[in-house]
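Each chain, written out:
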Amino acid sequence: MNRDQARDIVLAAALPTAFEAACLVGCALAQGRPAAVIEFDRGDAAGRLTLLLTRLGVAAEHEVQSGGGRRRYDLQRVHVPEAQRAATARMIAAAWRQGRQALLGDQALGASSPRHAQRLTLAHAAWRAALLAGGRRRRGDLTSVRLGDHEMAAVLVRAARLLDVATEVSRRPGCVMVAVAGAPGITHA
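Conventions and cut-offs
- Residues numbered from 1 in each chain as written.
- Predicted model: local features only at pLDDT ≥ 70, side-chain atom pairs only at ≥ 80, totals over all residues.
- Heavy atoms only, no water.
- Helix = DSSP H or I, 4+ residues; strand = E, 2+ residues; numbered from the N terminus.
- Expected span 1.5 Å × (residues − 1).
- Buried < 20%, exposed > 50% of the residue type's maximum accessible area, 1.4 Å probe, protein only.
- Core = buried A, V, L, I, M, F, W, Y, C linked by side-chain atoms within 4.5 Å.
- Contact = heavy atoms within 4.5 Å.
- Pairing = 2+ DSSP bridges.
- Axes fitted to C-alpha atoms, helices over the stretch in contact; angles between N-to-C directions.
- Phe/Tyr/Trp six-rings, centres within 6.5 Å; stacked < 30°, edge-to-face > 60°.

A. Structural detail: helix H3 (residues 85–104). Helix length check: H3 (20 residues) gives 28 Å between terminal C-alpha atoms against 28 Å at 1.5 Å per residue, within 8%. Where H3 is concerned, the buried positions are Thr88, Met91, Ile92, Ala94, Ala95, Trp96, Gln98, Gly99, Ala102 and Leu103.

B. Examining helix H4 (residues 114–133) more closely. When the terminal C-alpha atoms of H4 are compared, their 29 Å separation across 20 residues agrees well with the 28 Å that a helix rising 1.5 Å per residue should span. Along H4, the residues that are buried comprise His116, Arg119, Leu122, Ala123, Ala125, Ala126, Trp127, Ala129, Ala130, Leu131, Leu132 and Ala133. Looking one or two residues past H4, Gly135 carries a phi angle of roughly 65 degrees, positive in sign.

C. Representation of the nonpolar core within the structure. Core analysis: the biggest nonpolar cluster contains 52 residues, and Phe19, Leu24, Phe40, Leu53, Trp127 and Leu156 have the highest contact counts within it. Within the residue set of this core, elements represented by two or more residues are helix H1 (15–27), strand E1 (37–40), helix H2 (43–55), H3, H4, strand E5 (142–147), helix H5 (150–162) and strand E7 (175–181). Of all the elements, H4 adds the most residues to this core, at nine residues. Sequence-distant contacts of Leu53, that is, excluding residues within four places in its chain, are made with Ala21, Val58, Ala60, Val78, Val80, Thr88, Met91 and Ile92.

D. Molecular detail of the sheet that holds strand E2 (residues 61–67). As summarised here, the arrangement of the three strands in space is E1-E3-E2, forming an open sheet in which the pairing is antiparallel. Of all strands in the sheet, those with a lone pairing partner are E1 and E2, marking the two edges. Averaged over all neighbouring strand pairs, the angle between strand axes comes to 30 degrees, with direction disregarded. Packed onto the sheet, H2 meets E1, E2 and strand E3 (73–79) and runs at close to 10 degrees relative to E3.

E. Looking closely at the packing of aromatic side chains. Tallied over the full model, the rule gives one aromatic pair. Between Phe19 and Trp96 the ring centres are 5.8 Å apart and the planes differ by 15 degrees, which places this aromatic pair in the stacked class. Of this pair, Phe19 sits in helix H1 while Trp96 sits in helix H3, placing them 77 residues apart in sequence. Its relative accessible area of 0% is what places Phe19 among the buried residues. The class for Trp96 is buried, based on a relative accessible area of 17%.

So this is what it looks like as structure tokens:
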């Protein structure tokens, strides 16, 4: 007996927005946290995720929590209402699966193909999310992001290739660094 569950699918019109949200969630250090709370150390990353989720019909809220003693810091949190958590988690998982498949797929598509145009949009969305939430560092002409997820690193490498930008990947203790040199199309996305 085949009891495969029906997979959730994000419609093509909403895929770039949902995929960028999935990339932001993937870049966030949300391990060990409930799916209802995604934490960032940058306000612009949390604000962008809140905006994307709101566009997708999720009543997400951005909250800032301060902490520390002598060294103060702000923790940026995005909350998803309990009634929408399961559906949001399924949508994020489906968007990640579909976007990853579109970017990593080896299908030869023409330059005028709508699917190829969507791949370019997804490539920009992946890099925008990584630059916001992935621990961006600049050294001269080199911009790098620090990631804990090897799959996200593979997506960024492929996305950069689609955007005609060379990348360098290096391993660091506990993370992977993906770097691009002099790529205004990526670093200013």
